[in-house]
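Coordinates in review
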Amino acid sequence: MSSNNLILDAQALKQHYHVKQGIFKPDAVVKAVDGISFQLEKGKTLAIVGESGCGKSTLGRMLTMIETPTSGRLEHLGEDLLSLSKAAQATLRQKIQIIFQNPYGSLNPRKKIGSILEEPLVINSQLSKAERKAKALSIMAKVGLKTEHYDRYPHMFSGGQRQRIAIARGLMLDPSIIVADEPVSALDVSVQAQVLNLMMDLQTELGLSYVFISHDLSVVEHIADNVMVMYLGKVVEQGSKEDLFNNPKHPYTLALLSSTPQLSPDKRRQRIKLQGELPSPLNPPSGCAFHGRCQYANERCHQEVPELRDDQTGHLIACHAVEEQRIEFSHAV
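These notes cover the structure that comes with them. (Residues numbered from 1 in each chain as written. Predicted model: local features only at pLDDT ≥ 70, side-chain atom pairs only at ≥ 80, totals over all residues. Heavy atoms only, no water.)

**Structural notes on the sheet that holds strand 2 (residues 28-41)**
- Spatially, four strands are ordered 2-1-4-5 in an open sheet, and the strand pairing comes out antiparallel. For this open sheet the edge positions go to strand 2 and strand 5 (79-80), each flanked by a neighbour on one side alone.
- Looking at chain direction, strand 4 (residues 71-76) and strand 5 are connected through two bridges and run antiparallel. Its bridge partner being in strand 5, histidine 76 is matched across the sheet by glutamate 79. (Pairing = 2+ DSSP bridges. Helix = DSSP H or I, 4+ residues; strand = E, 2+ residues; numbered from the N terminus.)

Set out below in structure tokens:
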């Protein structure tokens, strides 16, 4: 990957929480994110996928510095966010904005849309009231909202319109990176496509880079350039969208893809049903965290944590069964 195009570089990011378990039990450590590395190019979309509880939303909050990582490096255009002073961090954070999942909960119901959009400018800029309003109306037009919406309250809008407002708020400080945490999962399917198309249009127009967090692979296939699959705080597979959808390797990725509805008969896969539940991060299994649900697991999987390895094509997989060639890749129907 060309360093000239690199906008975000995360190395060995960790987020560990100490949890009290009661008077007679020692404190436990929840490894919500446990050593994740990735790179994001300018104008591209990295999708982070996995089941609820895998740590993807925690990772999103770390990228925007809502939560400070326990350890690791997070570089934006070569500057390590974690080593900067608080003032310098605050300035740089303006370039990385987040859009939350629920457009009903992320907008203050007591404030008009104009006030909601201008709030980041009030806090972070020296613009006059007239300049703030002009900027808000300009961004509203970009996301398909009308001038008369400026003086309305959030409850007067549909879910899709509210998410457009949330996207507009994320754009007010002219960010270079948007972290979108399940931005369409609360919307009707018919509205999802409109919001995704809007996001892609804005990406082209403004040169935005996206970190797109989702559990829905059909949405990811629509918008992503690269995909990172997480399981219990770790990356289990990572590669380009084409590579990951056409040639998935990890048993967990295969199971996720097999459960994604496909209209085209050529793309349908043999359904793989995962056994059991996602393990508790309070009491993770030994070895590979996925071994309890994996049909290919052997004794080594129970004992040894697999490393994320490059298959010589830039496709990364953390799986003993793949390394030992114990998996038959004949999953198409």
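There is more to say after this.
**Here we look at the pattern of salt bridges**
- By the definition in use, this model includes 17 salt bridges.
- Two residues, lysine 142 and glutamate 205, come together in a salt bridge whose shortest N-O distance is 3.0 Å. One end of the pair, lysine 142, is in helix 4 (residues 129-142); the other, glutamate 205, is in helix 6 (residues 189-206), with 63 residues separating them in the sequence.
- The class of lysine 142 is partly exposed, set by a relative accessible area of 31%. (Salt bridge = Lys/Arg side-chain N within 4 Å of Asp/Glu carboxyl O. Buried < 20%, exposed > 50% of the residue type's maximum accessible area, 1.4 Å probe, protein only.)

**So, helix 4**
- Counted at 1.5 Å a residue, the expected span for helix 4 with its 14 residues is 20 Å, and the 20 Å between its end C-alpha atoms agrees.
- Buried within helix 4 we find Arg132, Ala136, Ile139 and Met140. Buried residues in helix 4, looked at end-on, bunch into an arc of 105°, giving them a common side. Summarising the geometry of helix 4, the exposed residues directed more than 90 degrees from the buried face are Ala130 and Ala141.
- Residues of helix 4 that are buried in the fold lie against helix 3 (113-124) and helix 5 (159-171).
- In the stretch just after helix 4, glycine 144 is the one whose phi turns positive, near 85°. (Expected span 1.5 Å × (residues − 1). Arc of directions from axis to C-beta. Contact = heavy atoms within 4.5 Å.)

**Digging into the nonpolar core**
- Membership of the largest hydrophobic core comes to 35 residues, with the highest contact counts inside it found for Leu117, Val143, Ile167, Leu171, Met199 and Leu202.
- Counting residues per element, this core draws most heavily on helix 6, which supplies six residues.
- Within the second largest apolar cluster, 27 residues are counted, among which are Val33, Met62, Leu81 and Val235. (Core = buried A, V, L, I, M, F, W, Y, C linked by side-chain atoms within 4.5 Å.)

**Looking at the packing of helix 3 against helix 4**
- Contact geometry of helix 3 with helix 4 gives a least axis separation of 9 Å together with a crossing angle of 130°. With respect to their mutual orientation, helix 3 and helix 4 come out oblique. Crossing of helix 3 against helix 4: the hand is right-handed. Residues Leu117, Glu118, Leu121 and Val122 of helix 3 form the contact with helix 4, whose own contacting residues are Arg132, Lys133, Lys135, Ala136 and Met140.
- Each residue belonging to the contact of helix 3 with helix 4 can be placed in one class, and the counts come to five nonpolar, no polar and four charged. (Axes fitted to C-alpha atoms, helices over the stretch in contact; angles between N-to-C directions. Parallel < 35°, antiparallel > 145°, perpendicular 65-115°, else oblique. Left-handed = near helix turned anticlockwise from the far one by under 90°. Nonpolar A, V, L, I, M, F, W, Y, C, P; charged D, E, K, R; others polar.)

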